[in-house]
Amino acid sequence: MDIIDTIKDKELKAAIQAVRTQKRGRPKKNKGVKGVPDGQSKVCIKVATEKIEKIREISYLETRLIRDIIEEGLDYVIGRYESEHGTVIPDDSHHINVRKK
């Protein structure tokens, strides 16, 4: 005999049954997503705490998104490299996925 069988209030019994039968666990991962629809990619990196704190402060002081400040920095580095070495053309064979082994 289940403890739920001892409950006489029908609404309470139905609510408990609903909770018991709802889906549980982690949602399934969508492994087919490589980027976001607007042509951008998500990236996760480790950054020295001191540097990211400075970026956060600049973001606050300039009322800009952290993402925009980092993107501006990336544009600067790419522009500087290309001015010295010429245009960089991404090659898919150079992509390294360290998780696949």
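Rules used throughout
Residues numbered from 1 in each chain as written. Predicted model: local features only at pLDDT ≥ 70, side-chain atom pairs only at ≥ 80, totals over all residues. Heavy atoms only, no water. Helix = DSSP H or I, 4+ residues; strand = E, 2+ residues; numbered from the N terminus. Buried < 20%, exposed > 50% of the residue type's maximum accessible area, 1.4 Å probe, protein only. Axes fitted to C-alpha atoms, helices over the stretch in contact; angles between N-to-C directions. Parallel < 35°, antiparallel > 145°, perpendicular 65-115°, else oblique. Left-handed = near helix turned anticlockwise from the far one by under 90°. Contact = heavy atoms within 4.5 Å.

Asker: Even after reading the chapter, I still don't get the overall build of the protein chain, so can you show me in this structure?
Answerer: Secondary structure assignment for the protein chain yields three helices and zero strands. In the protein chain, the order of α-helices and β-strands from amino to carboxyl end is α-α-α. Counting over 101 residues, the protein chain shows a buried share of 3%.

Asker: Would you explain unusual backbone geometry in this entry?
Answerer: Glycine aside, residues mostly have negative phi angles, and peptide bonds mostly take the trans form. One non-glycine residue, threonine 63, lies in positive phi territory at about 50°. In this structure, threonine 63 sits in the loop between α2 (49-62) and α3 (66-85).

Asker: Just to check I follow, could you spell out the packing of α2 against α3 for this structure?
Answerer: When two helices pack together, their arrangement is given by the angle between the helix axes and by the axis-to-axis distance. Close contact between α2 and α3 brings their axes to 9 Å; oriented N to C, the two are set at 115°. The angle between the axes of α2 and α3 places the two elements in the roughly perpendicular class. In terms of crossing hand, the pair formed by α2 and α3 is right-handed. Mapping the contact onto sequence places Ile55, Arg56, Ile58 and Ser59 in α2 and Ile66, Ile69 and Ile70 in α3.

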